[in-house]
Amino acid sequence: MIREFHNKLVNREITATQLAQQYFDVIEKKDTEIGAYLTITKQLAFEQAKFVDEKIARGEEIGLMEGIPGAIKDMICVEGVRATAGSKILDNYIAPFDATVIRKLKENGAVILGKANQDEFAMGSSTETSAYQITKNPVDTSRVPGGSSGGSAAAVAADEAVWSLGTDTGGSIRQPASFCGVVGLKPTYGRVSRYGGIAMASSLDQIGPFAKTVEDAAIVLSAISGEDPMDATSAKSSDKKYEDFLTGDIKGKTIGIPKEYVENLEGEIKEIFEKSVEKFKALGAKVETVSLPHSQYALSVYYIIMTSEVSSNLAKFDGIKFGMRADDLSESKNELESNKKTNTLPKNLLETYLDTRKIGFGDEVKRRIMLGTYTLSAGYYDAYYLKAQKVRALIRRDFEQAYKKVDLIYCPTCPEVAFKFGEKTADPLKMYLSDIFTISVNLAGVPAISFPIGFCEVEGKKLPVGGQLIGKWFDEEGILNAAHTFEIN
Ligand code: GLN
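What counts, and at which threshold
- Residues numbered from 1 in each chain as written.
- Predicted model: local features only at pLDDT ≥ 70, side-chain atom pairs only at ≥ 80, totals over all residues.
- Heavy atoms only, no water.
- Buried < 20%, exposed > 50% of the residue type's maximum accessible area, 1.4 Å probe, protein only.
- Helix = DSSP H or I, 4+ residues; strand = E, 2+ residues; numbered from the N terminus.
- Right-handed = clockwise from strand over helix to strand, strands pointing away.
- Phe/Tyr/Trp six-rings, centres within 6.5 Å; stacked < 30°, edge-to-face > 60°.
- Pairing = 2+ DSSP bridges.
- Axes fitted to C-alpha atoms, helices over the stretch in contact; angles between N-to-C directions.
- Contact = heavy atoms within 4.5 Å.
- Salt bridge = Lys/Arg side-chain N within 4 Å of Asp/Glu carboxyl O.
- Near = heavy atom within 4 Å.
- Polar contact = N/O pair within 3.5 Å; in protein donor to acceptor, adjacent residues only side chain to side chain.
- Areas by Shrake-Rupley, 256 points an atom, 1.4 Å probe, with all protein chains shown as cover.
- Nonpolar A, V, L, I, M, F, W, Y, C, P; charged D, E, K, R; others polar.

(A) Examining the pairing of strand E3 (residues 111–116) more closely. Counting buried positions along E3 gives six out of six residues, so the element sits mostly inside the fold. Where the polypeptide runs from strand E2 (residues 69–73) across helix H4 (residues 100–107) and back to E3, its parallel neighbour, the crossover connection is right-handed.

(B) Spatial organisation of helix H5 (residues 150–157). With eight of eight residues buried, H5 is to be regarded as a mostly interior element. Considered for burial, the residues of H5 that qualify are Gly150, Gly151, Ser152, Ala153, Ala154, Ala155, Val156 and Ala157.

(C) Local environment of the packing of aromatic side chains. Throughout the structure, instances matching the rule amount to 23 aromatic pairs. Both rings, one in Phe121 and one in Phe361, keep their centres 6.0 Å apart while their planes meet at 70°; by these two values the pair is edge-to-face. Here Phe121 is found in the loop between E3 and H5, whereas its partner Phe361 is found in the loop between helix H12 (349–360) and helix H13 (363–376), with 240 residues between them in sequence. Phe361 matches Phe121 in its accessibility class, with the two residues each being buried. An angle of 75° between the planes, with centres 5.0 Å apart, marks the rings of Phe280 and Tyr410 as edge-to-face. Of the two residues, Phe280 sits in helix H9 (residues 267–282) while Tyr410 sits in strand E9 (residues 408–412), which places them 130 residues apart along the sequence. A residue is classified by how much of its surface remains accessible, and Tyr410, at 0% relative accessible area, is buried. Members of the aromatic cluster, connected to one another through ring pairs, are Tyr93, Phe121, Phe317, Phe322 and Phe361.

(D) Fine view of the sheet that holds E2. The 11 strands are arranged E1-E3-E2-E4-E6-E5-E10-E11-E9-E7-E8 in an open sheet whose pairing can be described as mixed. The open sheet terminates on both sides in strands that have one partner only, identified here as strand E1 (37–40) and strand E8 (286–290). Strand-to-strand twist in this sheet, taken as the mean axis angle between neighbours without regard to direction, amounts to 30°. Note: strand E7 (residues 254–258) against E9, two bridges, orientation parallel. Within E9, the residue paired with Ile255 across the bridge is Leu408. Running over the sheet, H9 touches E7, E8, E9, strand E10 (448–458) and strand E11 (461–470) and is turned about 130° from E10.

(E) Highlighting the pattern of salt bridges. Enumeration according to the criterion identifies 29 salt bridges in this entry. Note that Glu476 is salt-bridged to Arg191, the shortest N-O span being 3.1 Å. Of this pair, Glu476 sits in helix H17 (residues 476–488) while Arg191 sits in the loop between strand E5 (183–186) and strand E6 (206–211), and the two are 285 residues apart along the sequence. Exposure remark for Glu476: the relative accessible area of 0% places this residue in the buried category. A relative accessible area of 1% places Arg191 in the buried class. Between Asp249 and Lys251 there is a salt bridge, with the nearest N and O atoms lying 3.8 Å from each other. Accessibility expressed as a relative area gives 64% for Lys251, which makes it exposed. What you see here is one network of salt bridges that share partners, running through Asp140, Arg143, Lys420, Glu459 and Lys461.

(F) Molecular detail of the site of the ligand. Close contacts around the ligand come from 15 residues, with Gly170, Ser172, Tyr302, Arg368 and Asp435 the closest. Between the ligand and the protein, one listed contact pairs a nitrogen atom with a backbone N or O atom of Ala122 at 2.9 Å. Within the side chain of Asp435, one N or O atom sits 2.7 Å away from a nitrogen atom of the ligand. Protein coverage of the free-state accessible area of the ligand, which is 290 Å², stands at 100%. Looking at the shell around the ligand residue by residue, the class counts come to five nonpolar, seven polar and three charged.

What follows is the structure in C-alpha cells.
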C-alpha cells in the first residue's frame with residue numbers, strides 16, 4: 001500500500017493533504033464505533049502533509065514514508081500532544097518532546113493522524129484495561145482487537161491508518177496483529193530506540209510497526225530503527241532498508257517448528273497452521289522440529305521480571321512529577337468523598353502520593369505493581385527475581401541452540417482467535433495465557449513477526465489467524481522476507 005500511495009503522490013494523482021483528509025474522513029465515519037483513536041492530531045498531520053506537498057511541487061524527490069498517514073500508540077510521546085498510556089494518571093500529560101521514533105518518522109516525512117488506544121500502561125491482551133474506552137475488532141465488533149496495542153492494530157485493520165506504531169513487551173504488537181488480521185513486527189531488543197516511549201518493563205519493551213502488508217512493515221521499520229545515543233540499550237547497528245531484502249525467495253532456508261508450541265494445538269488453528277507449514281515447504285523451505293524446552297517456564301518468568309520492572313518504572317507516577325495529582329481532579333474529590341474520608345483533600349505529601357496512585361491507576365496496573373514490589377522485596381528477591389533471571393538465561397539459550405540448526409522458527413502467534421468482550425476480564429490468568437506463544441520471544445530478545453495465515457469460521461464470521469516467524473537476533477530481514485514470500489504466493 002505504501003508504494004502505491006507513494007507513486008500516486010509522485011505522479012501527482014493525489015496530494016498528501018488529500019490523502020490525510022481521506023483518512024480523517026474514514027476515521028470520522030468509523031471511529032465512533034471502532035474506538036481506535038484517543039486523540040486526533042489534525043493540525044500536526046496537515047502541517048506535515050503540506051510540507052510534503054510543497055516538496056513535490058518544487059519537483060524534489062520524496063522518500064517512501066513521505067506523506068503516508070499513520071497512528072501512534074498512546075505510549076509513545078509526540079511533542080505537544082497528549083500521551084496518556086491509556087491511564088487516568090496521565091490524563092492531562094502533554095508530551096514535551098518527540099520520542100526518537102517520532103523524530104525519525106517526522107524527518108522521513110510521515111504524517112501522524114493521531115494517538116491510538118491501548119491497555120493501561122500496555123498491561124493487557126484485549127485493550128479492555130484502557131481507562132478511556134474499549135476498541136472493537138474491525139473484523140467482528142463483538143470481539144476484542146487484542147492488546148495491548150489494540151488501537152494501533154484496529155486503526156490499520158479498519159483503514160483508519162496506513163501504518164501504526166505499537167509497543168511489545170510480551171506480545172502486544174503480534175497478538176493484536178493476529179486478532180485483527182494485519183501484520184505486526186516486534187524488532188530485536190535494541191533495534192529501535194525506546195527514548196520517549198513510556199516504559200512498561202525496560203528489559204523487554206520494543207517499539208514496532210503494524211501494517212497491512214509485510215513490505216509496509218519493512219518500510220516503517222527502516223524509518224524508525226537505528227542506534228540512538230538517547231537510549232543506552234539501543235544496539236550499534238547500521239541503518240538498513242529492510243524493504244530491499246524482500247526477494248520473495250526462501251529456497252534452502254530451514255524453518256524450525258518448536259514442538260512444545262504446536263503439540264497442543266487444536267481444531268481449525270491446528271489445520272490452518274499445518275497448511276501454512278506445507279506452503280512454506282512448497283516455497284522451497286526445509287522444515288525441521290526444534291525444541292524450546294524452557295518455554296514452559298516463560299509465562300511464570302515473564303510475570304516476575306515484567307512485574308518487578310513495572311513496579312520500579314511506575315514509581316515515578318506519584319502526583320508530583322507527571323500527570324494528575326489527587327487534589328486537582330474534581331473526580332478525585334468525589335472518589336475520596338465516596339470513600340467516606342473525613343477530609344476530601346490529601347493532607348500531606350504521603351497522602352498525595354497514595355491518593356494519586358489509588359485514583360490514577362486501574363486494577364490491572366495496581367495488581368502488577370503489588371506483585372512486582374513483592375518479588376523485589378528483601379527476602380524474596382533471591383527466590384523470585386534472581387531465579388527468574390536465571391531461567392530467562394535458559395530460555396535465551398534454547399533459542400541459541402535452535403538457531404544452530406535452523407534459520408527461522410515458526411509457530412502460531414496465539415493459541416486462539418479474537419475473543420469476546422468480557423470473556424477473560426474476570427480471570428487475569430486466562431488473559432495472561434493469551435500470550436503463551438509470544439512471551440519467550442521478548443525474554444530472549446529476538447525479533448518476530450505476526451502475519452495473516454488464514455481464517456477460522458466462528459459463529460458465521462471469518463476470524464483471522466496469525467503465524468509467527470521468529471528470527472535470530474538482528475535478523476529482521478530474514479523473518480520479513482519469509483513472511484513476504486508467504487504473503488505474495
Ligand atoms: N499481554 C501482555 C501483558 O499483559 C503483554 C503486554 C505487552 O506486550 N505490552 O503483559
